[in-house]
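Coordinate analysis (summary)
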Amino acid sequence: MGVTSIRRATVSDAEYISLLGRVTFSETFGALFRDKQDLLLYYERTFSVQKIRNSIANANNAFWIAFVNELPVGYAKLKLKSGSPFINSNEVSQLQKIYVLKDFISLKIGRELQNSVLAKAIENKSEYIWLSVLESNNRAIAFYKKNDFSQVGNHDFQIGKEGFSFIVMSRIL
């Protein structure tokens, strides 16, 4: 399929990540929205180029971007020093996002992105890393279980008229 490379994202990658965020979110969750306006409003709040620029510029965040033959195909976001009510430690980071375009998932780019995130969390002296995953996303849950994450809690999240149930997973670093 080509040469894969992953590097830390910079503010100049905000347009790529904004677009990847919208497309991968739509591929993963778009069909769950009855009102497409709710989805469009969420995109604007979450994936606007300026919001992504600000997020990349925040020293508490780290982003990576994955390329195949120079084409951006995925990204990851780590939030350092991000506690969870389900983890009894102050040295905790949150894996907020790992998304890869569906056509490129088979290349195991998600694993490579995860390895970059875990290495940074360890370098930052985190004891734990946690994430939230939609409880019906069996592929992602199996991926995280295979990578030593276990369920530590549940929470709900509302986007527009839609309610979603998430599993909180963590692992010791």
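Now for a look at the structure at hand. Please read all numbers here as calculations on a predicted model, not as lab measurements. (Residues numbered from 1 in each chain as written. Predicted model: local features only at pLDDT ≥ 70, side-chain atom pairs only at ≥ 80, totals over all residues. Heavy atoms only, no water.)

1. Focus on the sheet that holds strand S4 (residues 92–100)
Which entries qualify depends on this criterion: Paired strands are those between which DSSP finds at least two bridges. For the purposes of this entry, the term helix denotes a DSSP run of H or I that reaches at least four residues, the term strand denotes a run of E that reaches at least two, and both are numbered from the N terminus. Think of each axis as a best-fit line through the C-alpha atoms, taken over the contacting stretch in the case of a helix, with angles from 0 to 180 degrees between the N-to-C directions. Residue contacts follow a heavy-atom distance rule, with two residues in contact if any of their heavy atoms lie within 4.5 Å.
Across the sheet, which stays open at both edges, the seven strands sit in the order S1-S2-S3-S4-S5-S7-S6 with mixed pairing between neighbours. Of all strands in the sheet, those bounded by a partner on one side alone are strand S1 (4–8) and strand S6 (150–159). Going across the sheet, the axis of each strand differs from the next one's by a mean of 25°, ignoring polarity. Across eight bridges, strand S2 (residues 61–68) lies against strand S3 (residues 71–79) in antiparallel orientation. Bridging from a neighbouring strand, Trp64 pairs with Ala76 of S3. Running over the sheet, helix H4 (residues 109–123) touches S1, S2, S3, S4, strand S5 (128–134) and strand S7 (162–172) and is turned about 160° from S4.

2. What about the packing of helix H2 (residues 36–47) against helix H3 (residues 49–57)?
Operational definition: Polar here means any residue outside two lists: the nonpolar Ala, Val, Leu, Ile, Met, Phe, Trp, Tyr, Cys and Pro, and the charged Asp, Glu, Lys and Arg; Gly therefore counts as polar.
It is at 6 Å that the axes of H2 and H3 come closest, and there the two elements cross at 35°. From H2, Arg45, Thr46 and Phe47 reach across to H3, where they touch Val49, Lys51 and Ile52. A per-class count over the contact of H2 with H3 returns three nonpolar, one polar and two charged.

3. Focus: the pairing of S7
For clarity, the threshold we go by: Under the scheme applied here, a residue whose accessible area is under 20% of the maximum for its type counts as buried, over 50% as exposed, and between as partly exposed, the area being computed with a 1.4 Å probe on protein chains only.
The buried fraction of S7 amounts to eight of the eleven residues, a majority that puts the element mostly inside the structure. In this structure, S5 lies alongside S7, joined through seven bridges in antiparallel fashion. The residue of S7 that forms the bridge with Leu131 is Met169. In this sheet, S7 lies alongside S6 in antiparallel orientation, the contact comprising nine bridges. In the sheet register, Asn154 faces S7, and the bridge partner there is Ile167. Remark: two residues form the turn of the hairpin made by S6 and S7, two consecutive strands paired antiparallel; Gly160 in that turn has positive phi of roughly 60°.

4. With respect to the environment of Ser26
Assignment of secondary structure puts Ser26 in helix H1 (residues 14–29). Distance in space between the C-alpha atoms of Ser26 and Glu91 is 33 Å, their sequence separation being 65 residues. Beyond its immediate sequence surroundings of up to four residues, Ser26 is in contact with Ala31 and Tyr43.

5. Structural notes on the pattern of salt bridges
Definition in use: By convention in these notes, a salt bridge is any Lys or Arg side-chain nitrogen within 4 Å of a carboxyl oxygen on Asp or Glu.
Counted under the stated rule, the structure contains eight salt bridges. Between Glu44 and Arg22 there is a salt bridge, and its shortest N-O distance comes to 3.0 Å. Taken as a pair, Glu44 in helix H2 and Arg22 in helix H1 lie far apart in primary sequence, 22 residues in all. For Arg34, the salt bridge is made with Glu162, and the minimal N-O distance between the two is 2.9 Å.

6. Remarks on unusual backbone geometry
Positive phi, normally seen in glycine, also occurs at Asn69, with a value near 50°. Following the sequence through the fold, Asn69 ends up in the loop between S2 and S3.

7. Considerations on H1
The following threshold applies: Any helix carries an expected span of 1.5 Å times its number of residues minus one. Taking the helix axis as origin, the arc is that swept by the directions to the C-beta atoms.
Relative to the 22 Å expected for 16 residues at 1.5 Å per residue, H1 spans 22 Å between its end C-alpha atoms, a close match to the ideal helical length. Inspection of H1 places Ala14, Ile17, Ser18, Leu20, Gly21, Thr24, Phe25 and Phe29 among the buried residues, and these make up the whole buried set. Looking straight down H1, one finds that the buried residues subtend no more than 165° of arc, so they occupy a single side.

8. Details of the nonpolar core
Counted only if it meets this: We call a set of buried residues a nonpolar core when its members are Ala, Val, Leu, Ile, Met, Phe, Trp, Tyr or Cys and they connect through side-chain atoms within 4.5 Å of each other.
Residues Ile17, Phe25, Leu78, Ile109, Leu113, Ile129 and Tyr144 are the most contacted members of the largest nonpolar core, which totals 49 residues. Per element, the largest residue contribution to this core is seven residues, and it comes from S2. Discounting residues that sit within four places of it in the chain, Ile109 has contacts with Thr4, Ile6, Ala66, Val68, Val73, Val100 and Phe104.

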